[in-house]
Amino acid sequence: MKQPVAVESTSTLIDQKIKELADWRGKTLAKVRSIIHAADPEIVEEWKWAKANSPGTPVFSHGGIVCTGETYKNVVKMTFAKGAALQDPSGLFNSSLDGNVRRAIDIHEGDKINEAALKDLIRAAVALNLKGKTKPDPKPKPKLKPRRASGKKAG
């Protein structure tokens, strides 16, 4: 009887992705990953959207998706799930600017990452995800009245 194959942890998958890239993209993804964890130590790493023609994407979540860490031939892309709702005073968002919900940061070879601004953006994304999740329901549910037994009175 075959033994079930152990599922690799998401962190291991991301480690492998960084190692496989073996160029500036791997170093950039590793740097971005460390900035994300420095900004919010409670970030959870996930691996999503794997299919036959795509190995999947590293996803960083806390109370919902914060951002992804996609790699392409000429860019490392951080897509923020709710980026359009975030303040970006440092102007980090430089891609997907026309979208109604998402915004992205394309990092090209040789680009310097503004770590402080990126940490602020990550913290703001987490805060937006958590907003309202810990608040009590503002509209309490009405208490149900006991039901009367339906039927006609015996007479």
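Please refer to the structure higher up on the page.
Residues numbered from 1 in each chain as written. Predicted model: local features only at pLDDT ≥ 70, side-chain atom pairs only at ≥ 80, totals over all residues. Heavy atoms only, no water.

Engineer: Before we move on, can you summarise the environment of Ala30 with the specific residues and values?
Structural biologist: With respect to the helices and strands, Ala30 occurs in helix H2 (residues 24-39). Sequence separation between Ala30 and Lys19 is eleven residues; the distance between their C-alpha atoms is 9.4 Å. (Helix = DSSP H or I, 4+ residues; strand = E, 2+ residues; numbered from the N terminus.)

Engineer: Describe the packing of H2 against helix H3 (residues 115-130), naming the residues involved and giving the relevant values.
Structural biologist: H3 packs onto H2 with a crossing angle of 55° between their chain directions and a minimal axis gap of 9 Å. On the basis of the axis angle, H2 is oblique to H3. Here the hand of the crossing between H2 and H3 comes out right-handed. Of the residues in H3, those in contact with Lys31, Ile35, Ile36, Ala38 and Ala39 of H2 are Glu115, Leu118, Lys119, Ile122 and Arg123. Taken together, the residues that form the contact of H2 with H3 break down as six nonpolar, no polar and four charged. (Axes fitted to C-alpha atoms, helices over the stretch in contact; angles between N-to-C directions. Parallel < 35°, antiparallel > 145°, perpendicular 65-115°, else oblique. Left-handed = near helix turned anticlockwise from the far one by under 90°. Contact = heavy atoms within 4.5 Å. Nonpolar A, V, L, I, M, F, W, Y, C, P; charged D, E, K, R; others polar.)

Engineer: Residue-level account of the nonpolar core, with values.
Structural biologist: With 27 residues, the main nonpolar core has Ile36, Val66, Met78, Phe80, Ile105, Leu118 and Ile122 as its most contacted residues. Mapped by element, the contributors of at least two residues to this core are helix H1 (10-21), H2, strand S3 (65-68), strand S5 (76-80), strand S6 (103-107) and H3. (Core = buried A, V, L, I, M, F, W, Y, C linked by side-chain atoms within 4.5 Å. Buried < 20%, exposed > 50% of the residue type's maximum accessible area, 1.4 Å probe, protein only.)

Engineer: Tell me about the packing of aromatic side chains, and name the residues and values.
Structural biologist: Under the defined criterion, the tally for this structure stands at one aromatic pair. Ring geometry for Phe80 against Phe93: centres 5.4 Å apart, planes inclined by 75°, an arrangement best described as edge-to-face. In this pair, Phe80 is assigned in strand S5 and Phe93 in the loop between S5 and S6, connecting sequence segments 13 residues apart. Exposure class is identical for Phe80 and Phe93. Each is buried. (Phe/Tyr/Trp six-rings, centres within 6.5 Å; stacked < 30°, edge-to-face > 60°.)

Engineer: Could you give an account of H1, with specific residues and numbers?
Structural biologist: For H1, which comprises twelve residues, the first-to-last C-alpha distance of 17 Å matches the rise-based estimate of 16 Å (1.5 Å per residue) to within 8%. Every buried residue of H1 is accounted for by Ile14, Lys17, Ile18 and Leu21. Around the axis of H1, the buried residues are gathered within 95° of arc, so they sit on the same side. Structural note: H1 exposes Lys19 and Glu20 on the side pointing more than 90 degrees away from its buried face. Along its buried surface, H1 packs onto H2, strand S1 (44-48), strand S2 (57-61) and strand S4 (70-71). Following H1 by one or two positions, Ala22 has its phi on the positive side, about 45°. (Expected span 1.5 Å × (residues − 1). Arc of directions from axis to C-beta.)

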